[in-house]
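Residue-level structural notes
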Amino acid sequence: MNQRFDKFFLCVFFILITSSYVFSQSTFAPINDDYYHLIDRLEIKRGKFSEGFHSNVKPFERKAIVELTDSILKEGNVSLTERDWQTIDYLREDSWEWTKGYVSTDSARSSKLSRLDPGNKFRLFKGKMSNGQRRFWQHPADFYSYHDKDFDLHLNFTTNNFIGSDNNVDSPLWLTSRGVEIRGMINEKLGFYTYVSDNQGVFPKYVMDYTKAYNFPGEGLAKKIQNDKGVDYFSGRGYITFKPLKAINVKFGHDVNVFGSGYRSLLLSDNSSPYLFLRIDTQLGRFHYTNLWSSMINNQKGASEGLLLNKKFSAIHHLSVNVTDKINIGVFEAEVFSRDSTGGGFDLNYLNPIIFYRYIESYIGSQDNALLGFDFRWLVGKKASIYSQFVLDEFLTKHMFNGDGSWTNKYSFQLGGKYIDAFGIPNLDLQTELNIVRPYTYSHKDGGRNYVHYNQSLAHPLGANFKELLGIVRYKVTPRLSIYGTQMFAKQGKDPTGSGANFGSNPLLDYDTRTAVIPGNNNLGHKIGQGMLAKTSFTDLRLTYSLAHNFFLDARCLFRNLKSEDVNVAEKSKIFSFAIRYNMAYRNQTF
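Report on the accompanying structure. What you see is a predicted model, and the numbers here were worked out from it, not measured in a lab.

**Looking at the overall build of the protein chain**
The helix and strand inventory of the protein chain stands at 8 helices and 24 strands. Counting only C-alpha atoms, the protein chain reaches 80 × 60 × 50 Å along its principal axes. Each of the 591 residues in the protein chain was classed as buried or not, and the buried ones make up 55%. For the protein chain, the proportion of contacts with a sequence separation of at least 24, taken over those separated by at least 6, is 65%. For the protein chain, the exposed surface amounts to about 25,300 Å²; the carbon and sulfur share of it is 60%. Treating the 70 positive side-chain charges of the protein chain as one cloud and the 59 negative ones as another, the clouds have centres 4 Å apart.

Now the structure itself:
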C-alpha cells in the first residue's frame, strides 16, 4: 500500500478505536459448515429472521447467536425436537459469556454431553482453584477461561489428526495439526481473536492435483513434502473488533468473509486463504450494509520479481434487506484492482462507502474488474428455506439476450433449498443446490484483477465453465452421533492437458487468450462445457461422534469418479479415513 493510504487508513482507524464511548462488542464464530447449519436450522424452525444478524452475511457475532436462542426460549412457540434443545445448549455453552449466567436449559443433560467426565468419576480433572472451581475446563467450551466486567479470555488448544487410504496414493494418508485459539474482550468494548496452527499431511491425490493447479485449498503458502504427495503449511487468523456506534461494527484483521446462504457462494466464499481486511457493518432495523476493503496476494507465475509477493486489492459492499420477516434480498458490488504498473497501492477513490464502484471505475479511467451480484432467501412455513444468487461479471446488452454465445456473457447463477425434519422425520435435514457458471467468469487480463486470491477463486473452487448439482443429507441420529452425506455431480469444460488452450474454466488465465470455438472468431459461440468435457461424481459419507464439546471422531468414506477423454484428468478415487479433532472445523474439500 502506498504512503497516502497508510496515513489515511491509520488516521481513520485510530479515530474510531479511540472514540470516547464504544458499545459492547462480541467476537465472531469461525466459519464452519456443520456449526452454521445448526444456526440455520433454528432460524428456519423459528419461522422468521434473526434480529441480531443477517444469515447471508457471515461470520456471525457470538452475541447475536446467543440472542437467537434467547428469542426462541422466550417466545416458547417454536416446535423443537430433543436434538434442537441439545443444539441450543451447545450454542449457548460455546458462547457462554453472553448468556448472563443462564448457560443451559438442562444442566445435567448439557454436562453429560459436553464433558468427558461430567461427575469427575475417573478424576481426570484434579486441579481446582481456592474457590472450588475447576482450574481447566471450568466451562466445557474452553480449556481455560476468565471472565469479569473488565476482561474476558478464552484459551483453547486445537488439533486435527487423521489416517486413511487412497487407491491412487501408494502410501497412507495422514494429517497432524496442532494449534492455539484465543479470543476475548477488554472492558466489553474491544473484542479480539487469534488462531494459529502448524500442519503437515499427505492428502488424497485429487486434493494434491488441485494444489498443483492452484494452491492447497483454503491456505496460503504450502510447501510440498514426501515427493509432492503432501504439504506442510502454517495457518493463521486474527482480528480486533469494536463498535464506535450502536449500529456500526468495525472489524480489522486476517480472516475470510462470506456472502450467501448456500453450501457454495458465488459472491464471496471461504474457498481461498485468509486475507487482510477492514470491514464495517451497519445494521439499522431491516437493513444490513457491509463495506469490505481488503489487501490480497497476486501469486501467479511471474507476478513477483522481488522477495515480496505482489499485492492486489478489492473494495466490496453488500446491502442486505429483510423485506419481511421471511424474505431477504441483497445487492452486491465488488471491484478488484492493482496499481503495480503505476507504482501505486490502494486507490483512495474506492474508500467511498456509499457510491457505486462502477462509477469510480469509469471516473478514473481504469479497467478494473467489476462484479455486480444479487442474492435472495425465503423462509417457507417453518420447514424450509429457498435461496439464490446471481452474479454479473461482464456483459454487453446487445449480446446478453440474442443467444450468440458472446464471451462477454460472464455470469453465474445459484438456486438452492433446505428442508428441515424432512418427510416428518425428526432431525433429518436435506439440502439441494444448483450452481451454473459461464466460461471466463471471474477472470481478467492479469492476476492483479481476476477474482482470485493466492491462486484460488474467491467464489467457487471449480472456477468457471461448469454446471454443478449438490445434494446434502444431515441426520442427527443420537445426541452424539451425526451422519453427513454429500453427493455432487458436475460437468465442466476443461483445457486439454498441455494444449495451451483457454476454454474459460481457469480464472487464472487471461481472457484475451480465449480459444475460438467458431473457426476464426474467438468472441462468439461460447457455451458452458466447451473444451474437454469432464464429468465428476463425488459421493462422501461421514459419521461424526461427539465425545465432548467440540471434540469429535470422524469416519469418512469417499468415492470420486472423474470421467474425461483426457487420460491425464480421468480418475477414480476410493478414499477412507478416520480422524480425531478438537476445536477444528471439518475440511470438506468437495470438488
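**Remarks on the nonpolar core**
By size, the foremost hydrophobic cluster in this structure holds 50 residues, and its most contacted members are Phe203, Phe259, Leu268, Ile316, Tyr442 and Tyr451. Broken down by element, the residue count for this core peaks at 4 residues, all from helix H6 (residues 205–213). If we ignore the near neighbours within four places in the chain, the residues touching Phe203 are Phe162, Val169, Leu173, Leu175, Met208, Phe216, Lys229, Val231 and Tyr233. Listed in part, the 16 residues of the second largest apolar core include Tyr36, Ile39, Leu68 and Leu91.

**Observations regarding the packing of aromatic side chains**
Using the criterion set out here, one finds 32 aromatic pairs in the structure. When the centroid spacing of 6.5 Å and the interplanar angle of 20° are considered together, the rings of Phe151 and Phe192 count as stacked. Here Phe151 is found in strand E3 (residues 151–166), whereas its partner Phe192 is found in strand E5 (residues 190–202), with 41 residues between them in sequence. For Phe151, a relative accessible area of 32% translates into the label partly exposed. Residue classification places Phe192 among the buried residues on the basis of a relative accessible area of 18%. These aromatic residues form a ring-pair network of at least three members: Phe136, Trp137, Phe143, Phe157, Phe551 and Tyr582. Residue placement shows Lys251 over the ring face of Tyr239; its charged tip is 4.4 Å from the ring centre.

**Focus on helix H2 (residues 33–46)**
With 14 residues, H2 ought to run about 20 Å at 1.5 Å a step, and its terminal C-alpha atoms sit 20 Å apart, in line with that. Counting buried positions along H2 gives 12 out of 14 residues, so the element sits mostly inside the fold. Three or more residues of H2 are buried, namely Asp34, Tyr35, Tyr36, His37, Ile39, Asp40, Arg41, Leu42, Glu43, Ile44, Lys45 and Arg46. N-capping of H2 is provided by Asn32, with a side-chain oxygen placed 3.1 Å from the backbone N of Asp34. Following H2 by one or two positions, Gly47 adopts a phi angle in the positive range, close to 85°.

**A closer look at the environment of Thr590**
Here Thr590 is to be found in the segment after strand E24 (571–582). The class of Thr590 is buried, set by a relative accessible area of 4%. For Thr590 and His526, which are 64 residues apart along the polypeptide, the C-alpha to C-alpha distance reads 27 Å. Here the side chain of Thr590 touches Tyr263 through a polar contact of 2.8 Å, side chain to side chain.

**Concerning the side chain of Asp368**
Looking at the element boundaries, Asp368 is found in the loop between helix H7 (357–363) and strand E14 (369–380). Here the side chain of Asp368 touches Tyr350 through a polar contact of 2.6 Å, side chain to side chain. Aside from chain neighbours lying at most four places away, what touches Asp368 is Glu335, Val336, Phe337, Arg339, Tyr350, Glu361, His444 and Arg449.

**Quick look at the packing of H2 against helix H3 (residues 62–75)**
Two elements in contact, H2 and H3, have axes separated by 11 Å at closest approach and are oriented at 35°. Crossing angle aside, the handedness with which H2 passes H3 is left-handed. Across the interface between the two elements, Tyr35, Ile39, Leu42 and Arg46 of H2 pack against Arg62, Ile65, Leu68, Ser71, Ile72 and Glu75 of H3.

**What about the side chain of Asp421?**
Mapping Asp421 onto the fold places it in the loop between strand E16 (410–419) and strand E17 (428–437). For Asp421, a relative accessible area of 9% translates into the label buried. Side chain to side chain, Asp421 and Arg41 meet in a polar contact 2.9 Å long. In contact with Asp421, other than residues within four places in its own chain, are Arg41, Lys45, Thr81, Lys383, Pro426, Asn427, Leu428 and Asp429.

**Digging into the pairing of strand E22 (residues 532–548)**
Note: strand E21 (residues 481–494) against E22, 14 bridges, orientation antiparallel. In the strand pairing of E22, Gly493 is matched with Leu533. Across 14 bridges, the pairing between E22 and strand E23 (residues 551–564) is antiparallel. Its bridge partner being in E23, Lys535 is matched across the sheet by Lys563. Where E22 hands over to E23, the hairpin turn is made up of 2 residues, of which Asn550 adopts a positive phi near 55°.

**A look at the environment of Asp228**
Its location among the elements puts Asp228 in the loop between strand E6 (222–225) and strand E7 (230–245). Among the residues examined, Asp228 registers a relative accessible area of 38% and is labelled partly exposed. Taking the C-alpha atoms as reference points, Asp228 and Val202, 26 residues apart in sequence, are found 8.8 Å from one another.

**Focus: helix H4 (residues 82–94)**
Compared with an ideal rise of 1.5 Å per residue, which puts 13 residues at 18 Å, H4 spans 19 Å between its outermost C-alpha atoms and is within 8% of the ideal. With 11 of its 13 residues buried, H4 lies for the most part within the structure. Of the positions making up H4, those classed as buried are Arg83, Asp84, Gln86, Thr87, Ile88, Asp89, Tyr90, Leu91, Arg92, Glu93 and Asp94. Looking at the buried residues of H4, the elements they touch are H2, H3, helix H5 (107–114), strand E4 (173–186) and strand E20 (466–476).

**Here we look at a nonpolar patch on the surface**
Side chains of Leu284, Phe287, Leu319, Val331, Leu372 and Phe374 sit close together on the surface and give an oily, nonpolar patch of about 490 Å² of accessible area. Examined against the element boundaries, Phe374 turns out to sit in strand E14. On the basis of relative accessible area, Phe374 is assigned to the partly exposed category, the value being 38%.

**Considering unusual backbone geometry**
With omega at 5°, the peptide bond leading from Lys58 into Pro59 counts as cis. For Pro59, the position within the fold is in the loop between strand E1 (57–58) and H3. With a phi angle near 70°, Asn427 is a residue other than glycine that sits in the positive phi range. In this structure, Asn427 sits in the loop between E16 and E17.

So, how was this worked out
Residues numbered from 1 in each chain as written. Predicted model: local features only at pLDDT ≥ 70, side-chain atom pairs only at ≥ 80, totals over all residues. Heavy atoms only, no water. Helix = DSSP H or I, 4+ residues; strand = E, 2+ residues; numbered from the N terminus. Buried < 20%, exposed > 50% of the residue type's maximum accessible area, 1.4 Å probe, protein only. Contact = heavy atoms within 4.5 Å. Areas by Shrake-Rupley, 256 points an atom, 1.4 Å probe, with all protein chains shown as cover. Lys, Arg positive; Asp, Glu negative; His and termini not counted. Charge placed at Lys NZ, Arg CZ, Asp CG, Glu CD. Core = buried A, V, L, I, M, F, W, Y, C linked by side-chain atoms within 4.5 Å. Phe/Tyr/Trp six-rings, centres within 6.5 Å; stacked < 30°, edge-to-face > 60°. Lys NZ or Arg CZ within 6 Å of the ring centre and 35° of its normal. Expected span 1.5 Å × (residues − 1). Polar contact = N/O pair within 3.5 Å; in protein donor to acceptor, adjacent residues only side chain to side chain. Axes fitted to C-alpha atoms, helices over the stretch in contact; angles between N-to-C directions. Left-handed = near helix turned anticlockwise from the far one by under 90°. Pairing = 2+ DSSP bridges. Patch = residues over 30% accessible without salt bridge, like charges linked within 9 Å, V, L, I, M, F, W, Y side chains within 5 Å. Salt bridge = Lys/Arg side-chain N within 4 Å of Asp/Glu carboxyl O.

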